[in-house]
Amino acid sequence: MGCQASIKPQGTAVQVSRAVSGQTIEVLDPTGQTVLNQEVRLIGIDAPHPEQEPWGTEARERLAELVEGQTVLLEADVATRDSYDRIWGYVWLNDLLVNQQLVEDGLALAVGPPHPKYGDRLTRAQEKARLLGVGIWNPQQPMRQLPCEFRQQRSPDETISCPS
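Described in the following lines is the structure provided in the data block. (Residues numbered from 1 in each chain as written. Predicted model: local features only at pLDDT ≥ 70, side-chain atom pairs only at ≥ 80, totals over all residues. Heavy atoms only, no water.)

## Here we look at unusual backbone geometry
Cis geometry marks the peptide bond from Glu53 to Pro54, where omega comes out at 0°. Note that Pro54 resides in the loop between strand 4 (45-46) and helix 1 (55-67). (Helix = DSSP H or I, 4+ residues; strand = E, 2+ residues; numbered from the N terminus.)

Written out as structure tokens, the structure is:
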């Protein structure tokens, strides 16, 4: 008919040990060759820094609520690692794209390329959150500084670029 079949995400099943921030999780090493946790940076979003109150704490807590202790599917895109050598990935919990859920909850911003795979979904989720005034879009308690600007201010000697 008029509907296209949804494409099943492809990736690696990993166990989430904890949420580090609203955009980063630690997973058990998917190779099974080491017991060390690896950090995964969620692609296509920019969440408030954990010290960027109140939204940084809320973003981390929401991500923890969604995935801590869960087995998730980690799906790659064009780039596979960020400048801090964290794995870049889309995180799926069953049929839920966690990256998108955080944006829809108003706890992260959708950011553009180099992450094209689910860019439209993230953009639509952000528009919905903005229109509903949830989370960082709440007119009574808006986020006053972009997460990347907050990180730049905290680490002036480090080169931190703001995503588009």
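So much for the structure itself; the text now carries on.
## A word on the nonpolar core
Ranked by size, the top nonpolar core spans 31 residues in total, and within it Ile25, Leu42, Leu63, Val67, Val91, Val98 and Leu102 carry the most contacts. For this core, the element with the highest residue contribution is helix 1, accounting for six residues. The residues touching Leu63, leaving out its near neighbours within four places in the chain, are Ala19, Ser21, Gly22, Gln23, Thr24, Ile25, Leu42, Glu68, Val98 and Leu102. One finds Ile43, Tyr90, Trp92 and Tyr118 within the second-largest nonpolar core, a separate group that totals seven residues. (Core = buried A, V, L, I, M, F, W, Y, C linked by side-chain atoms within 4.5 Å. Buried < 20%, exposed > 50% of the residue type's maximum accessible area, 1.4 Å probe, protein only. Contact = heavy atoms within 4.5 Å.)

## Remarks on the pattern of salt bridges
For the structure shown, the criterion picks out seven salt bridges. When the shortest N-O distance is used, the salt bridge between Arg62 and Asp105 registers 2.7 Å. In this pair, Arg62 sits in helix 1 while Asp105 sits in the loop between helix 2 (98-104) and strand 8 (109-110), placing the two residues 43 residues apart along the sequence. Residue classification places Asp105 among the partly exposed residues on the basis of a relative accessible area of 23%. What you see here is one network of salt bridges that share partners, running through Arg62, Glu65 and Asp105. (Salt bridge = Lys/Arg side-chain N within 4 Å of Asp/Glu carboxyl O.)

## Some words on helix 1
When the terminal C-alpha atoms of helix 1 are compared, their 18 Å separation across 13 residues agrees well with the 18 Å that a helix rising 1.5 Å per residue should span. Listing the buried residues of helix 1 in full gives Trp55, Gly56, Ala59, Arg62, Leu63, Ala64, Leu66 and Val67. Looking one or two places after helix 1, you find Gly69, whose phi comes out positive at around 80°. (Expected span 1.5 Å × (residues − 1).)

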